[in-house]
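# A look at the structure
Listed below are the residues making up each chain.
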Amino acid sequence: MADWDVIVIGAGSNGLVLAGELAAQGARVLALEARLEAGGLLTTEECSVPGYWHNMLGAVHNAFAATPPYQQLDLAREYARFAVPPVQAALPLRDGRALVFHTDVEATCRSLATVSARDAQTYRALHARLHPLFASQLVETLYAPPAPGRPLWELPADLQPYASLTPRQVVEALFESPQVQAAVLQQLAVPWGVLPDYAGMGSMALLALSGAAPLAVALGGAHTTAQALIRALVRRGGRYQVLKPVQRVLVEDGAAVGVELSDGTRLYSRAVVSSSGLSQTLLEMVGAEHLDPALVERVQRFQLDEFALFAVHLALARPPRYDTADGAADAALRVLVGVETPDECADLWREVRAGLLPEPRGMVVTVPSLFDARQAPPGHHTAVLLQPVPYAVTAPPDGSTVAERWEALRDAYAARCVAAWRRYARNLTDSDILAQVPLTPHDIAVRYRNYARGALGMGRMSADQAGGNRPLPELAQYRTPLRGLYLCGTCMHPGPGWLGAAGHNAAQIVARDLGLRPGG
Ligand SMILES: Cc1cc2nc3c(=O)[nH]c(=O)nc-3n(C[C@H](O)[C@H](O)[C@H](O)COP(=O)(O)OP(=O)(O)OC[C@H]3O[C@@H](n4cnc5c(N)ncnc54)[C@H](O)[C@@H]3O)c2cc1C
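Quantities reported herein were computed from a predicted structural model and do not represent experimental measurements.

## A short note on the overall build of the protein
Scanning the protein for helices and strands turns up 16 helices and 19 strands. In summary, the protein has a C-alpha radius of gyration of 22 Å against a globular reference of 24 Å for 520 residues, a match within 12%. With the C-alpha coordinates aligned to their principal axes, the bounding extent of the protein is approximately 70 × 55 × 50 Å. Within the protein, residue pairs in contact and separated by at least 24 positions form 73% of the contacts whose partners lie at least 6 positions apart.

Printed below as a string of structure tokens:
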């Protein structure tokens, strides 16, 4: 008899959601985590100065409290709490104005009207249509396996043409102000991974305009969510173990029968579910010899993200102020810095694609302590700047490795990012910045093994790799050609984010295949 019903490779948000939901159905589940701490990228560390807590890999969450995993695992009982800031995003402009997106539609319209009365009216009309449309589909689209051959979002006939366009084409068709256009485009890259010229991803611009997927901060920091997921798993009789890197998936007669750890220990199970990447799972842990060569070729062609993120964590002695007329940008969850038109946006992404280190711009800045005072000492704050960069910065002709290049660039580039931000957050003096801790894409790749290129999503969010195409049409239902082997990571629908959605969706498939029943 197998040691376990289900072994889960990786205890990040997706692995923990899947493990918890299957344990709740009576399965004997073991989640194996390579790192010292479970939670994956849901990390919060005191990395700068004692008392300042930094969400190391981003700080914005989808509003998790409304999701099926939150309900099914009763995460409220496990102290997972989220705050949805009323000011969701702001684009401060060089001329001192700012475009500010509130959860309150009329407040947003007032802000947009400062650059275009017509765009404000368009936004009001669009929001009235799009909000109910997307809100009614959000959970069933993200928290269910993608329907093969169906578009991701069901749109009425007059909106359907937008879906086949690029996000840039959509915003240019809808709005006249380049600043309004840029403000929408800049909200798509982080955390959704969708770039302005991705054909067939126009519906993501509509989703952003709908306001149906507001972003939140986790009270207590991102790692609090991980701790809640761990408690929920253990409460349901599931187990997890840390410092257990899985090296190999054991295959017998075309079926996955367990895993081998890096120390040679073998564990057997009826099913193995991997939250690791596509090629890491199928090519490294399973091995091409167990797969159809045509599939191996398609896995090798799966495209990774086109950009990585360079993060700078700051401990601040006071909150940043953007010096704009009504001060609303000061309270924004995401402040979008330094790109004010679609052309400027395109220039940034052209440089990133060419492997050039961009002059810092297109940054997303979050100050979580504005919304959760516990994350810094009274009156003080923590901030994170996320700057899109290429992973493999073009080498000078010196034969240096990516690691060496980032090591050489780290501190100077962090200083340039902070300087670029302070051209907008003008109240901050040198003495207000108590510490700054950069995290290069290479640091991310080394610490978090799934993110081989320090990227957001373990796979590009282009239309040919989204929805029922993610990661490949034949793998989109979370099953693989090996009986008993499943995928539940960010390379699966719905892609990047701490949604736990891929874990939830895969759990449904595994439960069906194992004959589990709700309630155990
Ligand atoms: C720089 C950056 C910033 C981001 N910012 C945000 C943000 O602000 N908001 C947001 O919603 N999303 C953000 N994301 C995306 C988000 O972090 C991921 O989509 C999310 O973490 C995916 O969860 P997961 O459980 O699939 O993977 P992970 O969180 O990566 O967890 C996977 C776990 O599996 C473990 N593992 C992998 N391989 C093995 C193995 N062989 N054996 C054992 N264990 C293994 C890993 O150690 C890890 O703990 C960001 C990503 C990056 C890189």
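Okay, back to it.
## Let's talk about the nonpolar core
L22, A90 and V273 are the most contacted members of the largest nonpolar core, which has 167 residues in total. Beyond its immediate sequence surroundings of up to four residues, V273 is in contact with V6, V8, I9, L18, Y486, C488, A506 and V510.

## Overview of the site of the ligand
The immediate surroundings of the ligand are formed by 36 residues, with G10, G12, G40, L41 and G58 found nearest. Among the elements that make up the shell around the ligand, the one with the highest residue count is helix α1 (residues 13-24) (three residues). Grouping the amino acids of the shell around the ligand by side-chain chemistry returns 19 nonpolar, 14 polar and three charged.

## What to know about the environment of E351
Turning to its location among the elements, E351 is positioned in helix α13 (residues 342-353). Residues E351 and V312 lie 39 residues apart in sequence; the distance between their C-alpha atoms is 20 Å. Excluding residues within four positions of it along the chain, E351 makes contact with L356 and P358.

## Examining the pairing of strand β12 (residues 255-261)
In the sheet, strand β11 (residues 246-252) pairs with β12 via six bridges, with the strands oriented antiparallel. By the bridge assignment, L250 is partnered in β12 with G258. Counting the residues that bridge the hairpin from β11 to β12 gives two residues, and of these D253 lies at a positive phi of roughly 50 degrees. Strand direction decides the pairing type here: β12 and strand β13 (residues 266-274), joined by three bridges, are antiparallel. Across the sheet, residue G258 finds its bridge partner in β13, namely Y268. Between β12 and β13, which follow one another and run antiparallel, lie four residues, and G264 among them has a positive phi close to 95 degrees.

## Re the sheet that holds strand β15 (residues 334-337)
Adjacent strands of a sheet pair through backbone hydrogen bonds, lying either parallel or antiparallel. Within the open sheet, the seven strands sit side by side as β8-β7-β15-β16-β17-β14-β18. Their pairing is mixed. For this open sheet the edge positions go to β8 (98-102) and β18 (433-439), each flanked by a neighbour on one side alone. Here the strands of the sheet are splayed against their neighbours by 20 degrees on average, with no regard to which way each runs. Note: strand β7 (residues 87-92) against β15, two bridges, orientation parallel. Residue pairing across strands places A89 opposite R334, the latter belonging to β15. On the sheet, helix α8 (residues 178-189) packs against β7, β8, β15 and β17 (381-389) and is oriented at approximately 125 degrees with respect to β7.

## What about the packing of helix α7 (residues 167-174) against helix α9 (residues 202-210)?
Where α7 contacts α9, the axes come no closer than 7 Å and their chain directions differ by 55 degrees. Accordingly, the angle class assigned to the pair α7 and α9 is oblique. Read as a crossing pair, α7 and α9 show a hand that is right-handed. Contacts between α7 and α9 involve P167, Q169, V170 and V171 on the former and, on the latter, G202, M204, A205 and L206. When grouped by side-chain class, the residues that make up the contact of α7 with α9 number six nonpolar, two polar and no charged.

The rules behind the values
Residues numbered from 1 in each chain as written. Predicted model: local features only at pLDDT ≥ 70, side-chain atom pairs only at ≥ 80, totals over all residues. Helix = DSSP H or I, 4+ residues; strand = E, 2+ residues; numbered from the N terminus. Rg over C-alpha atoms; globule rule 2.2 N^0.38 Å. Contact = placed C-beta atoms within 7 Å. Core = buried A, V, L, I, M, F, W, Y, C linked by C-beta atoms within 7 Å. Buried ≥ 20, exposed ≤ 12 C-beta atoms within 10 Å, placed from the backbone. Near = placed C-beta within 6 Å. Nonpolar A, V, L, I, M, F, W, Y, C, P; charged D, E, K, R; others polar. Pairing = 2+ DSSP bridges. Axes fitted to C-alpha atoms, helices over the stretch in contact; angles between N-to-C directions. Parallel < 35°, antiparallel > 145°, perpendicular 65-115°, else oblique. Left-handed = near helix turned anticlockwise from the far one by under 90°.

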